[in-house]
Amino acid sequence: MIIQGRTVTQDITESVDVCVVGSGAGGAVAAKELAQAGLSVVVLEAGETHDPTTFTGNTPEMLLRLFWDGGMRTTRDGSILISQGRGVGGSTVHNLCYAVRIPNAILHRWKAEFGIQDLSPSNLSASFDRVEATIGVNQIREEQVNQLNRSIRRGAHVMGWRGTIQRHNRGACPGCSADCLLGCPISQPGVGKQSMAVSYIPQALEAGARLYTDCLVENIVAENGHAVGVTAQFRSRHTQPLGQIESTTSLSDGGAVQTGNAAEIADRSSREGGKFTVRSKAVVLAAGAINSPQLWLNSRLPDPSRQVGCNLHLHPAIFVGGFFDEAVDAYRGIPQSFYVDHFLDLERNPDNGYLLLPAFGPMALVAASMPSFGREHRDLMQVHRSIAALLVLLHDCSSGRVTVNRRGSPIIRYRLNQNDRASLTQGLIHSAQLLFAAGAKKTVLPYTRRIIMQRESNLEIIRQRGIVENDILITSSHPQGTLRMGSDPRKTVVDSTGEAHAVKGLFVVDASLFPTSIAVPPMLTVAAMADRIARRLATNWPP
Amino acid sequence: MTLQFFNPTEADILRVLTERMVGTDSSVGWEQPSARGTSTAGHAPTVTTIDAFVTGLPRYVQVRFRRALHLFQWCPILFGGKLCPFTQLSSRDADTYIRSWAESRFGLRRRLFRGLRDVTFLGYYSRSSIGVYENATDEPRGR
């Protein structure tokens with residue numbers, strides 16, 4: 001059962017076995033496993049529930065609906081834009097469905113450095129298998145690889161760099177457009193994007209879990225060193241539409257342009273509704289690597305290791321655009337199917353490396369990724385059909401921190417160290433080389449002052465320019481590591497079963513668990529770890 | 001349509017900012033700016049879209065955006081040596097002024113430039129009526 005929190009105006013109290021905070025890749029899996037084990041479960045989600053058929057592809061509307069802070073969340077110095085999903089399904093609703101298992105080298109490192117015995121590749125294998133079956137992970141077929149990804153693959157082949165077509169969690173997918181990034185409008189079981197909202201959450205509900213939306217958890221309550229529930233606030237959004245903005249258009253499967261009704265952007269500034277008190281025997285924290293430590297700190301839970309909020313990794317990413325003579329039409333088809341992992345050698349270099357990912361998105365986001373302004377910028381946008389782009393996705397060893405301000409809002413501090421700056425710079429150079437090898441006539445980088453490189457240009461100009469905060473657009477979609485796992489309570493926050501060292505009955509099942517960056521897109525690993533932690537909790541019930 | 005968040009002065013700043021950031025002016029014929037400094041009774045659709053977006057943002061982001069807008073409006077006096085606000089600069093001076101923010105040695109000014117630029121792009125390129133891709137025949141319009 002889903003209860004729309006915005007309709008709840010009275011204070012209510014509920015007693016259950018388990019309270020799950022968050023409904024994304026970690027929370028949804030935990031809720032389903034625990035509910036199917038026969039435990040009574042409530043899931044509290046800060047955002048709303050979505051009907052995918054209402055996903056319009058209108059960028060500002062969907063940013064407000066699917067992302068924390070309307071996609072405007074940044075590090076404290078404003079240099080890194082952090083996109084995190086909000087709403088039922090969390091980031092799995094807007095992500096681009098790379099389904100990649102954590103590299104074994106990372107798990108071996110966690111065992112050696114953090115004493116995590118429980119997460120060997122063989123131990124996690126069954127969890128990965130279950131998750132992959134539930135969200136329909138399958139190999140992307142050759143005919144689904146779009147022109148953008150083919151161009152990138154061609155460039156990698158010319159350069160002799162390793163790369164592969166990946167697996168994804170989409171069912172029958174017409175590959176409608178880059179608007180995939182703004183939610184899949186055909187998503188339903190077996191069809192389109194298999195987010196948590198159409199896979200795990202329905203199964204959790206069927207097993208008896210109750211899901212409250214628009215419910216912002218304010219405190220985790222602990223008594224005598226044991227988590228005993230949470231207090232939350234229902235958010236009652238103003239629901240009157242601001243009116244019709246303008247009619248919007250969408251690209252259908254066949255390429256014809258359809259005109260739909262206007263996007264109505266509701267005023268999402270919210271006012272408070274009723275208070276919600278949940279008493280539970282266990283609390284499962286799955287609010288993401290920014291909001292989970294925020295909630296911990298706001299709850300004033302014990303932090304003897306002083307590691308809560310520390311060790312933040314972001315997988316910083318930078319866009320490089322290549323301009324071709326012919327149309328690439330990168331907005332068509334599945335946006336990401338191939339990637340280059342040639343520069344990730346975790347056995348020899350566990351702290352360094354990067355992936356080169358094809359990248360494209362809605363026009364407003366592509367525009368933001370282009371350098372300059374005015375006529376210069378417009379000249380670039382006018383040939384958008386011939387752009388193929390890459391993202392350099394850094395396996396970062398830089399470490400940031402999440403704290404809270406007086407109002408309890410998260411403050412995200414993160415600064416790239418010299419090693420990571422050098423890696424990112426090298427990644428930009430490799431991206432430009434790959435694009436030229438693929439046939440690009442020029443490449444651009446998203447510096448505020450544009451750099452346009454021709455084939456014959458000396459790419460060392462990138463090294464000279466380097467990575468300077470707020471001089472180049474850096475984005476992040478994979479925050480991780482702020483409640484890190486490990487055997488030593490003096491250095492880590494949770495043990496290898498996911499339970500907090502200092503608060504019994506409090507379990508963490510999101511990317512904040514990761515002791516280091518995991519180097520690859522994290523969705524599948526978060527879900528598999530949540531599966532393992534939840535099943536163990538159910539087996540050893542009560543905590 | 002009545003704006004929810006921006007007052008007429010702010011809407012005028014946004015409108016001029018959009019013209020300069022996106023690179024549209026009357027010679028292009030896509031968007032006819034009204035005379036600078038005049039009433040904003042006829043708000044440009046881009047401003048309406050931005051207004052709807054900003055209205056939905058958390059309060060702290062709204063406050064920052066509003067501050068940035070006013071800072072940008074009044075800083076030609078500080079950074080450009082011009083005794084007039086941004087909206088009353090000539091096109092050439094406005095572009096020079098914007099570039100001084102984009103290429104400033106101060107990170108905060110570069111940050112504000114990028115924030116304002118990207119929000120104007122969000123408003124502009126999300127509009128269906130933008131014909132920026134007129135050289136294509138079957139592509140999605142601004143969304």
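Residues numbered from 1 in each chain as written. Chains lettered and ligands numbered in written order. Predicted model: local features only at pLDDT ≥ 70, side-chain atom pairs only at ≥ 80, totals over all residues.

### What about the overall build of chain A?
Rules: Secondary structure elements are defined from DSSP: runs of H or I of at least 4 residues count as helices, runs of E of at least 2 residues count as strands, and each element is numbered from the N terminus. For this measure, only C-alpha atoms enter the radius of gyration; the expected value for a globule follows 2.2 Å times N^0.38, where N is the number of residues. To sort residues by exposure, count the other C-beta atoms lying within 10 Å of each residue's C-beta; 20 or more gives buried, 12 or fewer gives exposed, and values between give partly exposed, all with C-beta atoms placed from the backbone.
The helix and strand inventory of chain A stands at 12 helices and 25 strands. For 543 residues, the compact-globule estimate of 2.2 N^0.38 gives 24 Å, and chain A sits close to it at 22 Å. Principal-axis analysis of the C-alpha atoms places the extent of chain A at approximately 70 × 55 × 45 Å. Buried positions account for 60% of the 543 residues belonging to chain A.

### Looking at the overall build of chain B
Assigned secondary structure in chain B consists of 6 helices and 0 strands. When the elements of chain B are put in sequence order from the N terminus, they spell out α-α-α-α-α-α. Residue burial in chain B is summarised as follows: out of 143 residues, 48% are buried.

### Observations concerning the domain arrangement of chain A
Residue and element names in this part refer to chain A. Rules: Each domain span listed reflects an automatic or database assignment of domains. Contacts are defined on C-beta atoms placed from the backbone: any two residues whose C-beta positions lie within 7 Å are in contact. Side-chain classes follow a simple rule in which Ala, Val, Leu, Ile, Met, Phe, Trp, Tyr, Cys and Pro form the nonpolar group, Asp, Glu, Lys and Arg form the charged group, and the remainder, Gly included, forms the polar group.
Assigned domains of chain A: these are domain 1 (1–134 + 176–238 + 268–304 + 480–543) and domain 2 (139–168 + 317–395 + 416–468). Measuring from the centre of the C-alpha atoms in domain 1 to the corresponding centre in domain 2 gives 31 Å. Contacts between the two partners involve 19 residues from domain 1, matched on the other side by 19 residues from domain 2. Tallying contributions element by element places helix 3 (residues 104–114) first for the side of domain 1 that touches domain 2, with 3 residues. In terms of residue class, the side of domain 1 that touches domain 2 is made up of 13 nonpolar, 4 polar and 2 charged.

### Section: the pairing of strand 20 (residues 401–404) of chain A
Residue and element names in this part refer to chain A. Stated precisely, the cut-off is as follows: One requirement defines pairing of two strands: DSSP has to find at least two bridges between them.
Two elements, strand 20 and strand 21 (residues 410–413), share 4 bridges in a ladder whose sense is antiparallel. Counted as the bridge partner of Thr403 is Ile411 from strand 21. The loop that links strand 20 with its antiparallel partner strand 21 comprises 5 residues; one of these, Gly408, has a positive phi angle of about 90 degrees.

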